[in-house]
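Secondary and tertiary structure notes
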Amino acid sequence: MNTLFTYVRDSFIPADQASLLIGDLSIQRGYGIFDFFKTLDHKPIFLDDHLDRLFHSAAQLRLPVGKTREELKTIIDQLQRKNNIPDSGIRITLTGGYSPDGYSLSQPNLIITQQPLLFPISPECPKPFRLVTWPHQRQLPETKTIDYLMAIWLQPYIREQGADDVLYHYDGVITECPRCNFFIVTDDDTLVTPARNMLKGITRMKVLQLAGTKLKTEARDITLEELRTAKEAFITSTGKHIVPVSHIDGHPIGQITPGPAAQWLNGQLYRLVQDISHPHSHQTTSK
Ligand SMILES: Cc1ncc(COP(=O)(O)O)c(C=O)c1O
């Protein structure tokens, strides 16, 4: 197998040798941000949207990126040429840096890793998820921080409940899953997603845009009680696209999973990314 390279602190290093010193604030205090996008057939998908969010997250955490958007694109291109993985996930991480006292901010360390895509993207919805709810509010929720403490801590609980993932709420108002945004379809066929106190996912944005051509859409509070009357529920992320939700806290959602909205949106999203990755193929273009 070819050597996999990682970009770390201005150098391309074999991935199994890439490292940071233990004084980094990410290790000492869990301080840092990241973003994650995929490539399909070597084409980065929604790269500018992900870079917009990366710069936003970095500014929120007072971390200078140290590179321009164009410089980042050049580094990503070089990494892709070295690794030659057509379908991949690329993660850009910016840490708090080598803090002199283990507490104050320093010059951030920039890391970019690439790995083969774990979850194949398909025109069919994947197997539905069962969710369990949990009261939790992420800190600085509109920032993509490296802090997944609660999510990782909850893994045994999720398994004990026979669930696939957790759905956070705060004061009974739904926010998101640890790595996905959340949607419901209401009785009057409106697609609704939370508006605040969560990360604004790039997939969420694309789904809202696609849905707007066919369904009424709303970004507003969704309460725990409202879940009982939802016709459909699904979650979205870069890695997974659209995953239908069949049960929340053991209660079934809707009549059939995947529901028609999840299925249609998944097909539309699939075609959108196909059109980016294979711009000259007309087989996949929806008309
Ligand atoms: C907290 C959180 N919410 C939502 C998402 C989904 O965002 P995206 O669609 O940009 O992958 C993520 C992605 O990892 C996340 O970490």
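Rules behind the numbers
- Residues numbered from 1 in each chain as written.
- Predicted model: local features only at pLDDT ≥ 70, side-chain atom pairs only at ≥ 80, totals over all residues.
- Heavy atoms only, no water.
- Helix = DSSP H or I, 4+ residues; strand = E, 2+ residues; numbered from the N terminus.
- Rg over C-alpha atoms; globule rule 2.2 N^0.38 Å.
- Buried < 20%, exposed > 50% of the residue type's maximum accessible area, 1.4 Å probe, protein only.
- Contact = heavy atoms within 4.5 Å.
- Areas by Shrake-Rupley, 256 points an atom, 1.4 Å probe, with all protein chains shown as cover.
- Lys, Arg positive; Asp, Glu negative; His and termini not counted.
- Charge placed at Lys NZ, Arg CZ, Asp CG, Glu CD.
- Domains from an automatic or database assignment.
- Buried area = accessible area lost by both parts, 1.4 Å probe.
- Pairing = 2+ DSSP bridges.
- Near = heavy atom within 4 Å.
- Polar contact = N/O pair within 3.5 Å; in protein donor to acceptor, adjacent residues only side chain to side chain.
- 1 Å grid on protein atoms, 1.4 Å probe; cavity = no way out; pocket = protein on both sides within 12 Å on 5 of 7 lines; lining within 4 Å.
- Sits in = over half its atoms within 2 Å of the grid points.
- Expected span 1.5 Å × (residues − 1).
- Arc of directions from axis to C-beta.
- Axes fitted to C-alpha atoms, helices over the stretch in contact; angles between N-to-C directions.
- Parallel < 35°, antiparallel > 145°, perpendicular 65-115°, else oblique.
- Nonpolar A, V, L, I, M, F, W, Y, C, P; charged D, E, K, R; others polar.
- Salt bridge = Lys/Arg side-chain N within 4 Å of Asp/Glu carboxyl O.

Looking at the overall build of the chain
- A tally of regular secondary structure across the chain gives 7 helices and 15 strands.
- Here the chain has a C-alpha radius of gyration of 20 Å; the compact-globule value for 287 residues is 19 Å, and the two agree.
- Each of the three principal axes of the chain carries a C-alpha extent, and together these read 55 × 50 × 30 Å.
- Burial status across the chain gives 48% buried among its 287 residues.
- In the chain, 69% of the contacts between residues at least 6 apart in sequence involve partners at least 24 apart.
- Of the roughly 14,400 Å² of accessible surface on the chain, 52% is carried by carbon and sulfur atoms.
- Charge centroids of the chain, computed over 30 positive and 31 negative side chains, lie 2 Å from each other.

What about the domain arrangement of the chain?
- Along its sequence, the chain is carved into domain 1 (5–116) and domain 2 (129–274).
- Between domain 1 and domain 2, the C-alpha centre-to-centre distance is 27 Å.
- The junction of domain 1 with domain 2 conceals about 1,600 Å² of combined surface from both sides, 68% of it contributed by carbon and sulfur atoms.
- The three residues of domain 1 that bury the most area against domain 2 are F34, F46 and R53, which together make up 35% of that side's buried surface.

Observations regarding the pairing of strand β7 (residues 129–135)
- With 3 bridges connecting them, β7 and strand β14 (residues 241–248) associate as parallel partners. Within β14, the position partnered with R130 by the bridge is H247.
- Examined bridge by bridge, β7 and strand β8 (residues 165–170) share 5 bridges and lie parallel to one another. Directly across from P135, in β8, lies its bridge partner H169.

Points about the environment of V273
- Mapped onto the fold, V273 is located in helix α7 (residues 260–277).
- For V273 and F46, which are 227 residues apart along the polypeptide, the C-alpha to C-alpha distance reads 8.5 Å.
- Ignoring sequence-local partners within four residues, the contact set of V273 consists of L40, I45, F46 and H241.

Looking at the site of the ligand
- K144, Y148, I202, T203 and T238 are the nearest of the 16 residues found near the ligand.
- Between the ligand and T203 there is a distance of 2.6 Å, counted from an oxygen atom to a side-chain nitrogen or oxygen.
- A distance of 2.7 Å is found between an oxygen atom of the ligand and a side-chain nitrogen or oxygen belonging to T238.
- If the ligand stood free it would expose 390 Å²; the protein chains cover 95% of that surface.
- Among the detected pockets, the ligand sits in the largest pocket.
- Looking at the shell around the ligand, the elements with two or more residues in it are α6 (202–211) and β13 (232–237).

Describing helix α3 (residues 69–83)
- Taking 1.5 Å per residue as the helical rise, α3 with its 15 residues ought to reach 21 Å, and the 21 Å between its terminal C-alpha atoms agrees with that figure.
- Residues of α3 that are buried: L72, I75, I76, L79, Q80 and N83. Taken end-on, α3 shows its buried residues confined to a sector of 140°, consistent with a single buried face. Of the exposed residues in α3, those oriented more than 90 degrees away from the buried face are E70 and R81.
- Phi turns positive, to about 50°, at N84, one or two residues after α3.

Some points on the packing of α6 against α7
- Between α6 and α7, the shortest axis-to-axis distance is 10 Å and the interhelical angle comes to 110°. Considering the angle they form, α6 stands roughly perpendicular to α7. Note on element contacts: α7 touches α6 through W264, L265, Q268, L269 and L272, opposite T203, K206, V207, L210 and A211.
- Looking at the contact of α6 with α7 residue by residue, the class counts come to 7 nonpolar, 2 polar and 1 charged.

Notes on the pattern of salt bridges
- Tallied over the entire structure, the rule returns 14 salt bridges.
- Note that K206 and D49 form a salt bridge whose closest N and O atoms lie 2.9 Å from each other. Residue K206 is located in helix α6, and its partner D49 is located in helix α2 (residues 47–60); the two are separated by 157 residues in the primary sequence.
- Across the pair E176 and R138 runs a salt bridge whose closest N-O atoms are separated by 2.7 Å. Placement of E176 in the loop between β9 (173–174) and β10 (181–185) and of R138 in the loop between β7 and α4 (149–153) is noted, with a sequence separation of 38 residues between them. For the pair E176 and R138, a shared accessibility class is recorded, and that class is buried.
- When salt bridges with common partners are traced through the structure, they connect D48, D52, R69 and K73 into a single cluster.

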